Amino acid sequence: MDFSATDTLWTCLSCLGNVSAPQRCPPGTFNLYTGKSSISDCKPCFPGLISSEDRVDCRLCPTLSVPLDSLISVDLAKSPVKITLCVMTVPPASIPLYVLSSVCGVHQVFTVWRAAHKDPSPSSCAHKDIIVKKALPPLMGHLALLVQQGNNWVRQVGQPVRGVEKDVFVLQFVSVHMFLFSVPRVGGSSGPGLPCARGRYCPAGTLTEVICPRGTFTPHQGAISVKDCLKCPAGFYCPEGRSDPVPCPPGSFNPLEGQDELADCRECYAGKACTQVALKAPDVDCMQGFVCPPGSSKPNEPTNACPPGTVSNRTDLTDRSQCQQCPARYACLRGTGGIQRPPLSCFAGHYCPPGTMFPTQYKCPVGTWNSRSGLKAESECRPCPQGWYCLAGSGAPSGRCSSGHYCPEGTAYGTQFPCPAGTYSLRMGNRHRDDCLICPEGSFCQQGTSKPSPCPPSTFRHLKGGQRLEDCSTCPAGYFCPLSATVNPRVCGAGSYSDEGSVECSPCLQGHYCSNETTSEEAMLSVMVCPAGFLCSQGLARDPQRSATLCPRGFYCPGGGIDPNPIPCPNGTYSEFPGLRDISECVQCPEGKYCYSEQPEEQSLIRPTGICPDGHYCPTGTGDPYTHPCQAGRYRNNTLGHSGEACVLCPSRYYCAILGTGTPLVCPEGFYCPEGISAPEPCPEGTFSSRSALSDRSECSSCGGGQYCNSVGLTEPSGSCREGFYCRGRATSATPVDGPTGGLCPAGSYCPLASVTPRPCPPGTFSNSTGLIGPEECVICPPGFYCLGYNNTSPSGPCFPGYYCTGGSASPIQHEVDKGYFTLEGAFRAHPCPLGTFQMQRGAQSCMACWGGRLCNQTGLFQAPLCPTGHYCPPGSSVAHPCPPGSYSDQPGGDAVQHCRPCEAGWFCGRVGLSGPQGLCDPGHYCTSGATTASPIITATLLQVAVAFGGMCPAGYVCPQGTKHPQQQPCPAGTWSNTVGAENLSSCMPCPPGHYCSSTGLNQPTGICDAGMCI
């Protein structure tokens, strides 16, 4: 047996693999029926079965292809394999085993549980991906899972196993052994706990499944008898051992039950069609236009359609030869027949003999037409009328005859008959050849011409009937043909010429003359050439020697064969006389003068142009007057009597900077110029000059204080000394640092723009930094300090006590402290006297404690107000102390609690801070001095501490409102009262009969009357 590393074995019954496919029932489920739409229609397989690949049914777990005892011969050490254990319950031997659902998946090992364990489906996995290198021989007995613990083998439930020895080689990196088992089987089962498969039955006690006979099937598992095998229904057949009937395919039917092979399905009758599976009889007739041979599965199979050119209106045809020929005047496409696909009428411009396959099969030939449909023969096509043409298959004349053509009767296309060469026709619809016209003069007409073609420019034709371009003649020399369709050439005339084929005449060329009316180009170039010394700059209409046109002054004329134009005498020469023939006849310009013209053709040199200009000199033959300029540092001026041959030195206080100087330039401001200089010398750094025409460096002015001159050649100082610096004189920088000319502004000072010396910081400020640019950068003296005088580099000292300095102070007593405030040394603001204090003086350094009987409950007080009524204020009070309950104060200014008076008897003071008694004591109660409530009650606690300010009215007494003590109003003699808290005399009861009440304030009768004494 061949194992691979990727195989997965199920040791319960050696189940190989687990197959799934998309859009099928999940693995482990099946569905026998079609048309289901929910996954809930997939039913789980019975225990011991797995789903088939198509999920239609379930099948037994596949077994190994070799006996189980052959496992001992498998060398797993060479072919390691991953083994997955099925989760199983091991019940008593009389009950088949059940395979539990896998909760961990393939390539994982589950724990094996015994029947005694109450949990039938463990929820966890153990011993994942076990690699077994060697298997033990299979033993008989129940299935068990053994785990190595120390030197013993222990079942999963913890019971030691006897007779199993430890084998280190076998169990290297492995701690699990499997043992096979056997269990008696019961009916409907082919294995321990496995139901009999569909298509089979299993009598009780059998070890193998029995296949259902041919012609029967079993749709369910667990069949136990052949009676459970059902007869195959009509429309189906059932081979041996089928779980489901097999339907007869389309094109066949089966009217009988119990059939067992495909041959039992009968071919569909000829002329009928069997369109579905599992038919008991043919279900439809053949369609019109089609044939149905035996075994047809469709009534309109395309391959069984009547062929083109035939028709059938019957529904019982069995062969295409039975289709009838299509009638004349109609066309029959493939499958023609019935009202849905009737024959088509032949199209206009076409004809349809019997058997026509489509309505445009036979076209009326070219040159014919017919507007009617339904023709049956070519003879019914009519000839095309004159002036028109008809293409093949035309239902009307296709169009009028084209221009340049004619169309007799029966013309096939518009250009069939062209007008002959030498003729033309502009209009359409010509019927005869005589309709074509003769081609006019100046034109030519090729075959089929609708409009004469004009002879192109440079050609002409003076005859009619031209047939091609070559019939147009070339225009002769001395003439021109400017337009197309020229009939007669035109003469050029004197002063012009032309060559053959010219569209225009050209003016006579320079250096030549054209004296004839028909001068050709050849004659002009070879014969009519202008002689030397004469002017022929333009073509002449007659001989120049007869016109006596001499070459003008200032020019020479070498002749028309060399240069037709007069050539000016070059610069540096001139000519006073006309008729010069060569450049050597031009005269050289004399010394001290120049002969020059920028446009000698327009301004010829007939005499010297002028005297040599200033700044230059002119030897003999000078053309351009500026050819010889004076060198830099020299000049020449005609007004000063200078000769034209030499330049003199430039004078002092002037300079001659450029070549050709005629007038020296005045030495500019900021510079000085000694004699013969070509460029002015600049005044050095630290100096400037606002005057011009200096001759020496010493004449430059020094830069003044507060300014600087940072470069040479200055006409004025470069600028003011930079802010933060000072400049004394001859400073070369806006930020001097050398000392003699200036420097950085020192501490305690500031230097604005253009400072000559530093300026001190004003009183109330200081500066410990250098380079300040303005007084605003001087640091304002900080709060609490003062800066006395000028030029301070730090504050002079702290502000005096009793005063405060808010900043920028030039005095230690900048601000005097107001009443109610105080300050210490270095104060930057006045401090208000705190709570409980006040100050009546200005300039104070401290505050006084609040006097007794006064209340200082605000800061910054300069007077101490009286303590309010209902309160008392000890010395230094910032909060008034309220009189305690039971007391009040109706006078302000109290300085101790003794100032609070006890509440008078008969009244009560229940709150703190009262300025008078709160109210009278309630009826039924009495209030002694210091009462805190209107209805006092004496409690045991009050008695213990001996603090009582009243109580309830005692028995024998009454206490109206405002009662001061308990015996204030006793019940009168002859009455008594045992009521506590009586409010008025109505509570005093008369002494009862037989008793006497001898005194006031009795809470019970005094005693019993003696006999005969009381009524």
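**Topic: the overall build of the chain**
Working step 1: Of the regular secondary structure elements, the chain holds 3 helices and 84 strands.
Working step 2: Out of the 1015 residues in the chain, the part that is buried amounts to 39%.

**Observations regarding the packing of aromatic side chains**
Working step 1: Taken as a whole and assessed by the stated rule, the structure comprises 5 aromatic pairs.
Working step 2: Arranged with centres 5.7 Å apart and planes meeting at 25°, the rings of Tyr351 and Tyr362 form a pair that is stacked. Of this pair, Tyr351 sits in the loop between strand S28 (344–345) and strand S29 (368–369) while Tyr362 sits in the loop between S28 and S29, and the two are 11 residues apart along the sequence.
Working step 3: For Tyr362, a relative accessible area of 29% translates into the label partly exposed.
Working step 4: A centroid spacing of 5.1 Å and a plane angle of 90° characterise the contact between Phe838 and Trp851, whose relative ring orientation is edge-to-face. Of this pair, Phe838 sits in strand S71 (residues 837–838) while Trp851 is found in the loop between strand S72 (848–849) and strand S73 (871–872), placing the two residues 13 residues apart along the sequence.

**Observations concerning the side chain of Asn430**
Working step 1: Position of Asn430 relative to the elements: it lies in the loop between strand S33 (423–424) and strand S34 (437–438).
Working step 2: Accessibility expressed as a relative area gives 0% for Asn430, which makes it buried.
Working step 3: A polar contact of 3.1 Å, which involves the side chain of Asn430, links it to the backbone oxygen of His405.
Working step 4: Once you skip the residues sitting within four places of it in the chain, Asn430 turns out to touch Gly387, Cys401, His405, Tyr406, Cys407, Ser425 and Asp435.

**Here we look at the state of the cysteines**
Working step 1: The final tally for this structure, using the stated rule, is 42 disulfides.
Working step 2: Paired by a disulfide, Cys455 and Cys472 hold their sulfur atoms 1.9 Å apart. The S-S bond linking Cys455 to Cys472 shows a torsion near -75°; that makes this disulfide left-handed. Here Cys455, found in the loop between strand S36 (453–454) and strand S37 (459–460), pairs with Cys472, found in the loop between S37 and strand S38 (473–474); they are 17 residues apart in sequence, far enough to count as distant. Taken as a pair, Cys455 and Cys472 share a single burial class, namely buried.
Working step 3: Two residues, Cys667 and Cys673, share a disulfide whose sulfurs are 2.0 Å apart. Measuring the twist about the S-S bond at about 80°, one finds the Cys667-Cys673 disulfide to be right-handed.
Working step 4: Its relative accessible area of 0% is what places Cys673 among the buried residues.

**Comments concerning the side chain of Thr449**
Working step 1: You can see Thr449 is positioned in the loop between strand S35 (443–444) and S36.
Working step 2: Polar side-chain contacts of Thr449 include one of 2.5 Å to the backbone oxygen of Gln446.
Working step 3: If we ignore the near neighbours within four places in the chain, the residues touching Thr449 are Gly404, Thr423, Tyr424 and Ser425.

**A closer look at a nonpolar patch on the surface**
Working step 1: On the surface, a cluster of nonpolar side chains totalling about 300 Å² of accessible area is made up of Leu333, Leu344, Met357 and Phe358.
Working step 2: Considering the arrangement of structural elements, one finds Leu344 in strand S28.
Working step 3: What makes Leu344 partly exposed here is its relative accessible area of 35%.

**Considerations on the pattern of salt bridges**
Any two side chains of opposite charge can pair, so long as their charged atoms come close to each other.
Working step 1: Evaluation of the coordinates by the stated rule reveals 15 salt bridges.
Working step 2: Put simply, Arg468 and Glu470 hold a salt bridge, and the shortest N to O gap is 3.9 Å.
Working step 3: With a relative accessible area of 59%, Glu470 lands in the exposed category.
Working step 4: Here the residues in one salt-bridge network are Arg329, Arg372 and Glu380, joined through shared partners.

**Quick look at the confidence of the model for the chain**
Working step 1: Across the chain, the average pLDDT comes to 80, with 82% of residues at or above 70.
Working step 2: Contacts for the low-pLDDT stretch residues 1–22, under 50 throughout, to residues beyond four places or in other chains number 56 contacts.

**Concerning the environment of Asn768**
Working step 1: Checked against the element boundaries, Asn768 lands in the loop between strand S63 (765–766) and strand S64 (779–780).
Working step 2: What makes Asn768 exposed here is its relative accessible area of 56%.
Working step 3: Residues Asn768 and Ser794 lie 26 residues apart in sequence; the distance between their C-alpha atoms is 6.4 Å.
Working step 4: Among residues more than four places away in sequence, those in contact with Asn768 are Ala747 and Thr793.

Definitions and cut-offs
Residues numbered from 1 in each chain as written. Predicted model: local features only at pLDDT ≥ 70, side-chain atom pairs only at ≥ 80, totals over all residues. Heavy atoms only, no water. Helix = DSSP H or I, 4+ residues; strand = E, 2+ residues; numbered from the N terminus. Buried < 20%, exposed > 50% of the residue type's maximum accessible area, 1.4 Å probe, protein only. Phe/Tyr/Trp six-rings, centres within 6.5 Å; stacked < 30°, edge-to-face > 60°. Polar contact = N/O pair within 3.5 Å; in protein donor to acceptor, adjacent residues only side chain to side chain. Contact = heavy atoms within 4.5 Å. Disulfide = S-S within 2.5 Å. Patch = residues over 30% accessible without salt bridge, like charges linked within 9 Å, V, L, I, M, F, W, Y side chains within 5 Å. Areas by Shrake-Rupley, 256 points an atom, 1.4 Å probe, with all protein chains shown as cover. Salt bridge = Lys/Arg side-chain N within 4 Å of Asp/Glu carboxyl O. pLDDT = per-residue confidence, 0-100.

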